[in-house]
Amino acid sequence: MIIPSIDPEVRRIADRIIQSGKKAFLVGGAVRDSFLKRPVIDYDIATDATPEECMMLFPFAIPTGIKHGTITIISRSRRYKIEITTLRKEADYSDGRHPDSVTFVDDITQDLSRRDFTINAMAIDLVRNIFIDPFDGKKDLKNKIIRAVGNPIERFQEDGLRTIRAIRFSAQLEFAIEPNTLAAITSCSSNLSRVSAERIRDEFSKIILTAKPSIGLRILSETGLIEEIIPELKDCKGIPQPNHCEKDVYEHLLSTLDAVIPDNLEEERLLTLRLAALLHDIGKPVCYRTENETVSFYRHEIESERIARQALMRLKYPNRVIDKVCHLVRYHMFDYEPNWTDAAIRRFIARVGFSTIPDLFALRLADTTATTGKPISWPALSEFKARIDRILEEKQALSLKDLAINGENLARIGIPRGKQMGEVLSELLDTVLEDPALNTKEKLLEIAKAKYFGRFD
Ligand code: ATP
Ligand code: MG
């Protein structure tokens, strides 16, 4: 058995534990990912040293979970963290998510037996440099299989999070789920409701960020787990997508999701775009109308925004992410005609906000790719984009802060602060969007007086 080479910093930490007379094992994801030659994000070391003994060895460590026996060291490069956990055996999980008590043990096999999947239950003994694999994880790794350690039903009843983790690993690694494990996910799907929204959200996000997220979404749907995550999605099944090559709105959402390509996007931006893609038409079932055999979804973007906000709040996504996703969903139906004036384009930029435009275009590209089955953009889109870029280069006023006057100037001519001033400012912005030449202090003061006092001096 060839043991993967160990990161030098992790080796140094393990050596310090070993020199104190204790055992050290590399466990969990790092062992799995080293064999798969995937980048290792975080390292887990298991030891028979107690958390207190570990804190003495590494005084700069963070006592992240002393009670559960875990301390954390941030690597010198700050790129990854190393968690050191005291070997443990967990007793009953009467609430389905937290072990009732934790007993520290000095047996690595026992520690591995409480882990979720065979590919996550392998260890490297850093004292003797040998590979420990009591559940045949290496074989499952080779055959690309996700298999629960022990009885899958019992393991999913102990901790419902494992059901979505199985799907997450299957989607991320492109592994199949072993049939008994898969059947147990279905029969234990309701156990996910006992898991905190934050933990579900983190696993769900990892599924959304995979190369082809529809694969994970389909398993979430087939096993019934989606009911505990975004049940609104299933209402989209069977709602026809008129004039499109897709079967129904649900299929359209999955194709749009896959069509958002990562393109080196920073993780949160990709997540935002992918969530917007998944939810952009989720309001269609509510707005579905047929008249003379013509299907319409009038104002579905408003309903979609409402349902998206509700779902993302339930999953406790940060407000920053929720607001961005909802904004994209709200404006995804934007339209453009070549006969639009520059003022119409400025009004569009002012309405959606210029920082949203690249993402709004990326979402539209994914939407049309899904609809047509090919990565083509709608013909006028590049012209629209070029005109927007030109207007942005001209640095014309597009928001209140670009106006040549501010609230202070208006207060000085006697316009009271508050709602009325807000109205005058927004009218001034409309005026300037129509004609940028009016954006001077004198002209705007004169227009403000006329608007507020109904007179010109
Ligand atoms: P990732 O690359 O996403 O970090 P990972 O396998 O390291 O994958 P973690 O969530 O960091 O996943 O957990 C580390 C290890 O702890 C896992 O490999 C597994 O052995 C164990 N583990 C984590 N969560 C559970 C759980 N809910 N039930 C049982 N074992 C778990
Ligand atoms: Mg990890």
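Here is a short report on the structure shown in this document. (Residues numbered from 1 in each chain as written. Chains lettered and ligands numbered in written order. Predicted model: local features only at pLDDT ≥ 70, side-chain atom pairs only at ≥ 80, totals over all residues. Heavy atoms only, no water.)

## Some details on the environment of Tyr 336
Line of reasoning, step 1. Structurally, Tyr 336 can be placed in the loop between helix 15 (319-331) and helix 16 (342-352).
Line of reasoning, step 2. For Tyr 336, a relative accessible area of 2% gives the class buried.
Line of reasoning, step 3. Sequence separation between Tyr 336 and Arg 269 is 67 residues; the distance between their C-alpha atoms is 25 Å.
Line of reasoning, step 4. A distance of 2.9 Å separates polar atoms of two side chains, one belonging to Tyr 336 and the other to Arg 387. (Helix = DSSP H or I, 4+ residues; strand = E, 2+ residues; numbered from the N terminus. Buried < 20%, exposed > 50% of the residue type's maximum accessible area, 1.4 Å probe, protein only. Polar contact = N/O pair within 3.5 Å; in protein donor to acceptor, adjacent residues only side chain to side chain.)

## Brief notes about the nonpolar core
Line of reasoning, step 1. Judged by nonpolar contacts, the single largest core of 118 residues is most densely connected at Ile 164, Phe 204, Leu 217, Ile 229, Ile 230 and Leu 278.
Line of reasoning, step 2. Sort the elements by how many residues they give to this core and helix 12 (residues 267-279) lands first, with 8 residues.
Line of reasoning, step 3. Dropping the residues within four chain positions of it, Phe 204 is found in contact with Ile 164, Leu 217, Leu 220, Ile 229, Ile 230, Leu 275, Leu 278, Leu 315 and Tyr 317.
Line of reasoning, step 4. Listed in part, the 10 residues of the second largest apolar core include Phe 25, Ala 121, Ala 123 and Val 149. (Core = buried A, V, L, I, M, F, W, Y, C linked by side-chain atoms within 4.5 Å. Contact = heavy atoms within 4.5 Å.)

## Some remarks on the packing of helix 16 against helix 20 (residues 419-434)
Line of reasoning, step 1. Put simply, helix 16 and helix 20 touch, their axes get as near as 8 Å, and they point 140° apart. Taken together, helix 16 and helix 20 sit at an angle that is classed as oblique. Seen from helix 16, the contacting residues are Ala 343, Arg 346, Arg 347 and Ala 350; seen from helix 20, they are Val 432, Leu 433 and Glu 434.
Line of reasoning, step 2. Taken together, the residues of the contact of helix 16 with helix 20 break down into 4 nonpolar, no polar and 3 charged. (Axes fitted to C-alpha atoms, helices over the stretch in contact; angles between N-to-C directions. Parallel < 35°, antiparallel > 145°, perpendicular 65-115°, else oblique. Nonpolar A, V, L, I, M, F, W, Y, C, P; charged D, E, K, R; others polar.)

## A closer look at the sheet that holds strand 3 (residues 62-65)
Where strands meet in a sheet, backbone hydrogen bonds hold them as pairs that are either parallel or antiparallel.
Line of reasoning, step 1. If you trace the 7 strands from one edge of the open sheet to the other, you get 3-4-5-2-1-8-9, paired in mixed fashion. With partners counted over all chains shown, the strands left at the sheet margins are strand 3 and strand 9 (130-132), one partner each. Looking at each pair of strands side by side, their axes are set apart by 30° on average, direction ignored.
Line of reasoning, step 2. Strand contacts of helix 1 (residues 8-19): strand 1 (24-27), strand 2 (43-47), strand 4 (70-74) and strand 5 (81-86), with the helix running at about 10° to strand 2, the strand carrying the most contacts.
Line of reasoning, step 3. Here helix 2 (residues 29-36) sits on the sheet in contact with strand 1, strand 2, strand 8 (123-125) and strand 9, set at roughly 60° to strand 1. (Pairing = 2+ DSSP bridges.)

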